[in-house]
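The chain contents come next:
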Amino acid sequence: MRRPGRSDPVRAELRPDRAGTGTAPAPRDPAPPLPRYRPGVPAMPGSRCPALPVLRWLPRYSRAWLPLDVLAGLAVGLTTVPQALAYAELAGLPLQYGLYSSFMGCFVYCFLGTAKDVTLGPTAIMSLLVSSYAFHEPVHAVLLAFLSGCIQLAMGLLHLGFLLDFISCPVIKGFTSAASVTISFNQIKNILGLQGIPRQFFLQVYETLQRIGETRAGDAVLGLSCLAALAGLRAMKSHLPRASPAEPLAVRISYLIVWICATARNALVVLFAGLVAYSFQVMGSQPFRLTGSIPQGLPAFRPPRFSLAAPNGTVPFQSMLQDMGVGLAVVPLMGLLETVAIAKAFASQNGYRIDPNQELLALGVANVLGSFVSSYPITGSFGRTAVNAQSGVCTPAGGLVTGALVLLSLAYFTSLFYYIPKAALAAVIISAVVPMFDAGIFRTLWRVKRLDLVPLCVTFLLCFWEVQYGIVAGVLVSGILLLYSLARPPIKVSEGAVLLVQPGSSLHFPAVEHLRDSVCSRALAASPPRSVILDCSHISSVDYTVVVGLAELLQELRRHGLSLAFCGLKDPVLQVLLSADLEGFQHFPSWEEAERSRGAELGGSWQSPSPALPRAPGSSSDTSLG
């Protein structure tokens, strides 16, 4: 079992564990031997876990964990501050709202979360959704956070986390890949220093290409330089060799310096760009578009506003709900999906368990309380969670340090953010979202199951039009494919003295007509017509419609002088069929016994006098229907 803090974070965005896809583990960072901590697991075998997750690890907190928790919290904080400013720009909100959204989740998750590695805050995907449903209006964004939190809380209390399982991996991959392209291109205007570019993707592409000649040289050079620096530092970190304790002290110190620079690359690049912009400002010229002034101080603690003042009156709460529309479903569901997927991925790697419903409660409380400090919707951040794990975090207490660092930035350092070039923030966003594009998924699905390419491509293409249309269409297509498989299960028919019919999966009401038609057509088309044995070994449950369909099948075969016997019935299915009191119902433990009993036991109803047994499934006369 790995020690806490010695994780190998997955190097991709939003990889749910059910997809079974992952990348090569990153180099592990050295950490001193520590007492083992596994969140979500009782301290002693058979002991009962406290209801509040923080009580599972706080009484056992070791002083040896404190330095690593503080180091991890600082590393995540240095990543959080520049990303928060960049994501607020992506969401179309004033930049301070990115910082307002970055500390409450850290504090709440420390007490309510069940994964030691996860960090909550603004993310690229959530910022993209907020830009679509909040209309660049802070009041809408904060209210959306409150309502999303209420929905997530309700889902957690009602144990509705299983609903996320209906969003298939191809839909997730299609959405995240399209989001990667959309978000990256959305930031091209800031890299080139263009203004007045529309936010709709296709109009954005057209306007950017049409106005490429208006590019500001200073912004372009700085933006591309920041992208190159971020890519180089990321590559440096991924190829950084592990320092051995036997190495000389100078080597270990050099390793630590390189590791810190690579881990805090966002903060370093933004700091360097700000110093360059400040230098030009001092010299009396400014070739860059700057972030501008950000209000200093902590946000007021107050409930979100349920109405909006407009020039021609007041927009009531009902109208605000109508404006958000499907976003009230998409935003909380995508937030839950992202958080639970990240928590499961890191819990699996580090050998501990999480409680998905508790994760829903933690995220819901974080969004509800966050809305009281002017936060827009937050979720689990894959990039910052990876930084947290690689930094050697031991408990969720690392989030307290991250939240405190964000509060310090709001209270004292916002005046320094004035000189941050927008091109540098755009480079931070592009660097964060490029790994989300999974080109290999298209090739993988072509090789594994080509039909899954349909929801993937539908989601991917429609997300360029509108995000909600892509997600809804992808889920609908996946649902149709799922329903079709339920309505047309594979049916294997083995011919012999009788027909042995074997449904290849469970039998539900949409499939009963298909089964009836298949059985009747094969039984009556044989020469001479043959009776049927229905092998139910793969059927785990039946409903009333199936019972009615089987009764009609019995009657139809009996009208033609044929019989139907059941074999391999599981106890729940047998109890339902016995309770239905079907006329002529006969069942046997196996199809061999049903065949041997076709004479006297079945009253001579079997039409074929041949003593031969039906061939086993897979023989040359087997056919599959459906």
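Residues numbered from 1 in each chain as written. Predicted model: local features only at pLDDT ≥ 70, side-chain atom pairs only at ≥ 80, totals over all residues. Heavy atoms only, no water.

1. Thoughts on the packing of aromatic side chains
The test is simple: Only Phe, Tyr and Trp rings are paired, with Trp represented by its six-membered ring, and only when their centres lie within 6.5 Å; those with planes under 30 degrees apart are stacked, over 60 edge-to-face, the remainder tilted. Either the NZ atom of lysine or the CZ atom of arginine qualifies as a charge over a ring when it sits within 6 Å of the ring centre and within 35 degrees of the ring normal.
In this structure the tally under the stated criterion is 19 aromatic pairs. Grouping aromatic residues by their ring pairs yields a cluster made of Phe185, Phe201, Phe202, Phe437, Phe442, Phe460 and Phe464. When the ring centre of tryptophan 446 is taken as reference, the NZ or CZ atom of arginine 450 above it lies at 4.0 Å.

2. Things to note about the packing of helix α7 (residues 169-186) against helix α20 (residues 453-462)
Put simply, the rule reads: Axes here mean lines fitted to C-alpha atoms, for a helix over just the part in contact, with angles spanning 0 to 180 degrees between N-to-C directions. Where helices and strands are cited, they refer to DSSP runs of H or I of at least four residues and of E of at least two residues respectively, numbered from the N terminus. In this scheme, roughly parallel covers angles under 35 degrees and roughly antiparallel covers those over 145, while 65 to 115 is roughly perpendicular and the rest are oblique. Working rule for handedness: look at the near helix, and if it is turned counterclockwise from the far one by less than a right angle, call the crossing left-handed; if clockwise, right-handed. The contact criterion used is simple: two residues touch if any of their non-hydrogen atoms lie within 4.5 Å. Three classes are used: nonpolar for Ala, Val, Leu, Ile, Met, Phe, Trp, Tyr, Cys and Pro, charged for Asp, Glu, Lys and Arg, and polar for all others, with Gly counted as polar.
At their nearest, the axes of α7 and α20 sit 8 Å apart, and the two run at 30° to each other. As judged from the angle between their axes, α7 and α20 are roughly parallel. Note that α7 runs across α20; the crossing there is right-handed. Contact residues: α7 offers Pro170, Val171, Lys173, Gly174, Phe175, Ser177 and Ala178, while α20 offers Pro455, Leu456, Thr459 and Phe460. By residue class, the composition of the contact of α7 with α20 is 7 nonpolar, 3 polar and 1 charged.

3. A closer look at a nonpolar patch on the surface
To keep things clear, this is the line we draw: Here, patches come from residues exposed beyond 30% relative accessible area and free of salt bridges, joined within 9 Å for like charges and within 5 Å for nonpolar side chains (Val, Leu, Ile, Met, Phe, Trp, Tyr). Accessible areas in this description were obtained via Shrake-Rupley with a 1.4 Å probe; residue shielding takes into account the shown protein chains only. Definition used for salt bridges: Asp or Glu carboxyl oxygen within 4 Å of a side-chain nitrogen of Lys or Arg. For each residue, the accessible area found with a 1.4 Å probe, counting protein chains only, is set against the maximum for its type, and the residue is called buried under 20%, exposed over 50%, and partly exposed in between.
Among the surface-exposed residues, Phe162, Leu163, Phe166, Leu482, Leu483 and Leu486 lie close enough to one another that they form a single nonpolar patch of about 560 Å² accessible area. Summarising the element assignment, leucine 163 is placed in the loop between α6 (138-157) and α7. Taking the relative accessible area as the measure of exposure, leucine 163 reaches 36% and is therefore partly exposed.

4. What about the pattern of salt bridges?
Under the counting rule described, the total for this entry stands at 10 salt bridges. Salt-bridge contacts for lysine 173 lead to aspartate 438; the nearest nitrogen and oxygen are separated by 3.4 Å. Residue lysine 173 is found in helix α7, and its partner aspartate 438 is found in the loop between α18 (422-433) and α19 (440-448); the two are separated by 265 residues along the sequence. Considered together, lysine 173 and aspartate 438 belong to a single accessibility category, that of buried residues. Note that arginine 522 is salt-bridged to glutamate 495, the shortest N-O span being 2.3 Å. Residue arginine 522 is found in helix α22 (residues 512-525), and its partner glutamate 495 is found in strand β5 (residues 491-495); the two are separated by 27 residues along the sequence. Taking relative accessible area as the criterion, arginine 522 reaches 17% and is therefore assigned buried. For glutamate 495, a relative accessible area of 27% corresponds to the partly exposed category. What emerges from the salt-bridge pattern is a single network uniting Glu513, Arg516, Glu552 and Glu556.

5. Concerning the side chain of serine 375
Basically, it comes down to this: Think of a polar contact as two N or O atoms within 3.5 Å of one another; within protein, one of them needs to be a possible hydrogen donor and the other a possible acceptor, and neighboring residues in sequence only count if both atoms come from side chains.
Tracing the chain through its elements places serine 375 in the loop between α15 (356-371) and β4 (379-380). According to the relative accessible area criterion, serine 375 is buried, its value standing at 3%. Reaching out from serine 375, the side chain makes a polar contact with the side chain of serine 101 at a distance of 3.4 Å. When residues no more than four places from it in sequence are discounted, the contact partners of serine 375 are Tyr100, Ser101, Ala141, Val142, Ala145 and Gly370.

6. Description of the nonpolar core
What counts, and what does not: We define the nonpolar core as a collection of buried residues of types Ala, Val, Leu, Ile, Met, Phe, Trp, Tyr and Cys that are connected through side-chain atoms lying within 4.5 Å of one another.
Residues Leu85, Leu99, Leu129, Val130, Phe175, Ile183 and Phe346 are the most contacted members of the largest nonpolar core, which totals 108 residues. Per-element tally for this core: the top contributor is helix α14 (residues 327-350), with 12 residues. Here isoleucine 183 is in contact with Leu90, Ala124, Ile125, Leu128, Ile429 and Val433, once residues within four sequence places are set aside. Judged by nonpolar contacts, the second largest core, of 31 residues, contains Val493, Leu515, Ala551 and Leu553.

7. Topic: the confidence of the model for the protein chain
Detailed reading of the predicted model is not advised wherever pLDDT is low. How we decide: The predictor's confidence in any single residue is recorded as pLDDT, a number from 0 to 100.
Confidence in the prediction of the protein chain, expressed as mean pLDDT, is 83, and 87% of residues score 70 or more. Low pLDDT, under 50, characterises residues 40-48; the stretch is placed with 11 contacts to residues that sit more than four places away or in other chains.

8. With respect to α6
An α-helical turn contains 3.6 residues, so a residue and the one three or four places further along point in the same direction. Rule in force here: Between the first and last residue of a helix there are one fewer steps than residues, each counted as 1.5 Å, and that sum is the expected span.
Helix length check: α6 (20 residues) gives 29 Å between terminal C-alpha atoms against 28 Å at 1.5 Å per residue, within 8%. Across the 20 residues that make up α6, a large majority, 15, are buried. Immediately beyond the C-terminal end of α6, within one or two residues, lies histidine 159, with a positive phi of roughly 55°.

9. Here's the deal with helix α5 (residues 124-133)
Among the 10 residues in α5, 9 count as buried, and that is most of the element. Among the residues of α5, Ala124, Ile125, Met126, Ser127, Leu128, Leu129, Val130, Ser131 and Tyr133 are the ones counted as buried. The first or second residue beyond α5 is phenylalanine 135, which carries a positive phi of 60°.

10. Topic: empty space enclosed by the protein
Under the convention used in this document: Both cavities and pockets are sets of points on a 1 Å grid over the protein atoms alone; in a cavity a 1.4 Å probe fits but cannot get out, in a pocket the set is open with protein on both sides within 12 Å along at least five of seven lines, and lining residues sit with an atom within 4 Å of a point. Grid points are joined across faces, edges and corners, and a volume is the space filled by probe spheres set on the points.
Counted by the stated rule, this structure contains 4 cavities of 30 Å³ or more. When its volume is computed, the largest cavity comes out at roughly 80 Å³. Lining of the largest cavity is provided by 15 residues; of these, Tyr109, Val118, Thr119, Pro396 and Gly399 occupy positions nearest its centre. Mapped onto the lining of the largest cavity, the elements with two or more residues apiece are α4 (104-112) and α17 (398-413). The dominant element in the lining of the largest cavity, judged by the number of residues it contributes, is α4, at 4 residues. Of the residues in the lining of the largest cavity, the class split is 8 nonpolar, 6 polar and 1 charged.

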